[in-house]
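Observations on the three-dimensional arrangement
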Amino acid sequence: MEKELQQLLEECISLSSEQDLETLQVVLSGVKNKLTGKNSTFIDGLLHMDRRLDNESCEIDIPITKMLDNTLGIVHGGFTATVLDTAMGTLANKILPEGYAAVTSQLNIHYLSPGIGKRLHCKATIVHKGRSTVVVEADVLRSDGKKIAHSSGSFFVVEKQHK
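Below is a short write-up of the structure. Values in this document were obtained by computation on a predicted structure and should not be read as measured data.

1. Here we look at the environment of asparagine 108
In this fold, asparagine 108 is placed in strand 3 (residues 100-111). Spatially, the C-alpha atom of asparagine 108 lies 22 Å from that of leucine 53, the residues being 55 residues apart in sequence. Not counting the four nearest positions on each side in its chain, asparagine 108 is found in contact with His150, Ser151 and Ser152. Of the polar contacts made by the side chain of asparagine 108, one reaches the side chain of glutamine 106; its length is 3.4 Å.

This is the structure in structure tokens:
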């Protein structure tokens, strides 16, 4: 497996433009972030998420890189959705008692402006906490302060399965 990965990396490097190499570096440093424990998941690592959490809110910042671009050269809406779902889900899980978890049951997103600039900032807050559901809302702003998306999410409260 190691030899195949080394060969794949060498092939990718040889096929890459300078911009492609920068993107490859972003991807590999994101993987390293996960492997070294800087981020808890590969998604967090690949997006270079900086997460801050308390009982009231969850905030996530990510740098805008070429890896996030859609064909128009702006942040792909799926990456924006991932950041929104991550912030809201993290907060929903934070407020639950030990032994319970929150899983996304519905995610609504209103895309308002293009994702451009240097960074995206997401902030999630609790709207409702019930016994079986949690409702959270979040906004994503770009580095110039303009809101690019507003979202609400519903999360089922489930008992964690012990393995």
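Anyway, onward from the coordinates.
2. What about the packing of aromatic side chains?
Centre-to-centre distance and the angle between the planes together describe a pair of aromatic rings. By the definition in use, this model includes zero aromatic pairs. The ring of phenylalanine 42 has lysine 34 lying over it, and the distance from NZ or CZ to the ring centre is 5.2 Å.

3. Points about the state of the cysteines
A full pass over the atoms with the stated rule returns zero disulfides. No disulfide involves cysteine 122; its sulfur sits 7.4 Å from that of cysteine 58, the nearest cysteine.

4. Things to note about the pattern of salt bridges
Applying the stated criterion to the full structure yields seven salt bridges. The network of salt bridges with shared partners includes Asp50, Arg52, Glu59 and Asp61.

5. Focus on the environment of lysine 129
Among the secondary structure elements, lysine 129 is positioned in strand 4 (residues 119-129). Spatially, the C-alpha atom of lysine 129 lies 35 Å from that of methionine 67, the residues being 62 residues apart in sequence. Apart from the residues lying within four places of it in its own chain, the contact partners of lysine 129 are Ile95, Leu96 and Val134. A polar contact is formed between the side chain of lysine 129 and the backbone oxygen of isoleucine 95, at a distance of 3.2 Å.

The rules behind the values
- Residues numbered from 1 in each chain as written.
- Predicted model: local features only at pLDDT ≥ 70, side-chain atom pairs only at ≥ 80, totals over all residues.
- Heavy atoms only, no water.
- Helix = DSSP H or I, 4+ residues; strand = E, 2+ residues; numbered from the N terminus.
- Contact = heavy atoms within 4.5 Å.
- Polar contact = N/O pair within 3.5 Å; in protein donor to acceptor, adjacent residues only side chain to side chain.
- Phe/Tyr/Trp six-rings, centres within 6.5 Å; stacked < 30°, edge-to-face > 60°.
- Lys NZ or Arg CZ within 6 Å of the ring centre and 35° of its normal.
- Disulfide = S-S within 2.5 Å.
- Salt bridge = Lys/Arg side-chain N within 4 Å of Asp/Glu carboxyl O.

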